[in-house]
Amino acid sequence: MSGAGMILLSPDGLLLRLVGDASTWTVLFYRTAFTALTMAIILMIRERQDFSAIWRGFGRAGWISTFLMAASSLSFVGAISNTSVANTLVLVATMPFFSAVLGWILIGETVKPRTWISILLALGGIGIIFSGSFGGGNLSGDLMAIGTAFLQGLNLIVIRKAKDRSVTMPALCLSGILAALVVLPLSQPMTVSTPDFMLLMLMGLFVVPVSLVLFLSGARYAPAAEIALLSLVETVLGPFWAWLGVGEEPTINAIIGGAVVIVAVAMNALI
């Protein structure tokens, strides 16, 4: 389930690149608003007998997850807008290690020695990627990508800790509404061209909500760190789609650092 979600999400960076004239704030508004709309429709269909049942037991975990997903949506689009797709996806791929450390600190999930070794290797890869961003105008985007990884890793811990795992879909719906309201004053929804609007609909109505529901649902069945390892699928496929679709070639630092991160994540998964 989680792997299928990452495959579906992998063209997301390319779709964001293909949006031409719309500002980052406008892209954020439509992407999050459409995601909220899709989730609301799914929830109404699923709970057509008793819609109020969706919000029973939502509780503190649901609200925390809502804020974390809203913030990660904003930081991810900000990262794509300020650095390359390859840098963004490789840095977001460090999410398993944030999940491992946060799971150990917050809910006592054991972190195995191999995972600690992988974390150190991944940190080395991140350092290589960041070394190529200093002076190149990509540092803010790289920092937002790391922030996205942290927020998503923490969200997995919240979902895993929650006694009622049904909070995922309502939280995803509310996070879209919250993020859209935050960026609305800064966006210009009426200025979007028809081709850009169609791309934003594809992202918001289908790619993002369906892929995230699949991915986050996997947290019910395995430790957060192991589920997060499946983000490697998007890390590998995302830059390939960006290269194929818009000719965006990763830098040497991104290739070397990305290879180190991917090896670290893959090694942990395979062992």
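Residues numbered from 1 in each chain as written. Predicted model: local features only at pLDDT ≥ 70, side-chain atom pairs only at ≥ 80, totals over all residues. Heavy atoms only, no water.

*Asks:* Quick rundown of a nonpolar patch on the surface? Include the residues and the values.
*Replies:* Together, L37, I41, M44 and I45 line one region of the surface with nonpolar side chains, adding up to about 370 Å² of accessible area. Looking at the element boundaries, I45 is found in helix 3 (residues 24-46). (Patch = residues over 30% accessible without salt bridge, like charges linked within 9 Å, V, L, I, M, F, W, Y side chains within 5 Å. Areas by Shrake-Rupley, 256 points an atom, 1.4 Å probe, with all protein chains shown as cover. Salt bridge = Lys/Arg side-chain N within 4 Å of Asp/Glu carboxyl O. Helix = DSSP H or I, 4+ residues; strand = E, 2+ residues; numbered from the N terminus.)

*Asks:* Would you mind going over the packing of aromatic side chains in detail, with residue names and values included?
*Replies:* Counted under the stated rule, the structure contains six aromatic pairs. Each ring, one from Y30 and one from F197, has its centre 5.4 Å from the other, and the planes form 85°; the classification is edge-to-face. Residue Y30 is located in helix 3, and its partner F197 is located in helix 10 (residues 194-217); the two are separated by 167 residues in the primary sequence. Its relative accessible area of 29% is what places F197 among the partly exposed residues. A network of ring pairs unites the aromatic residues F29, Y30, F34 and F197 as a single cluster. (Phe/Tyr/Trp six-rings, centres within 6.5 Å; stacked < 30°, edge-to-face > 60°. Buried < 20%, exposed > 50% of the residue type's maximum accessible area, 1.4 Å probe, protein only.)

*Asks:* Can you explain the pattern of salt bridges? Please cite residues and give values.
*Replies:* Oppositely charged side chains can pair when the atoms bearing their charge come close. In the structure shown here, the tally under the stated rule is one salt bridge. R31 serves as the salt-bridge partner of D12, at 2.3 Å between the closest nitrogen and oxygen. One end of the pair, D12, is in helix 2 (residues 12-18); the other, R31, is in helix 3, with 19 residues separating them in the sequence. In this structure R31 comes out as buried when scored by relative accessible area, which is 5%.

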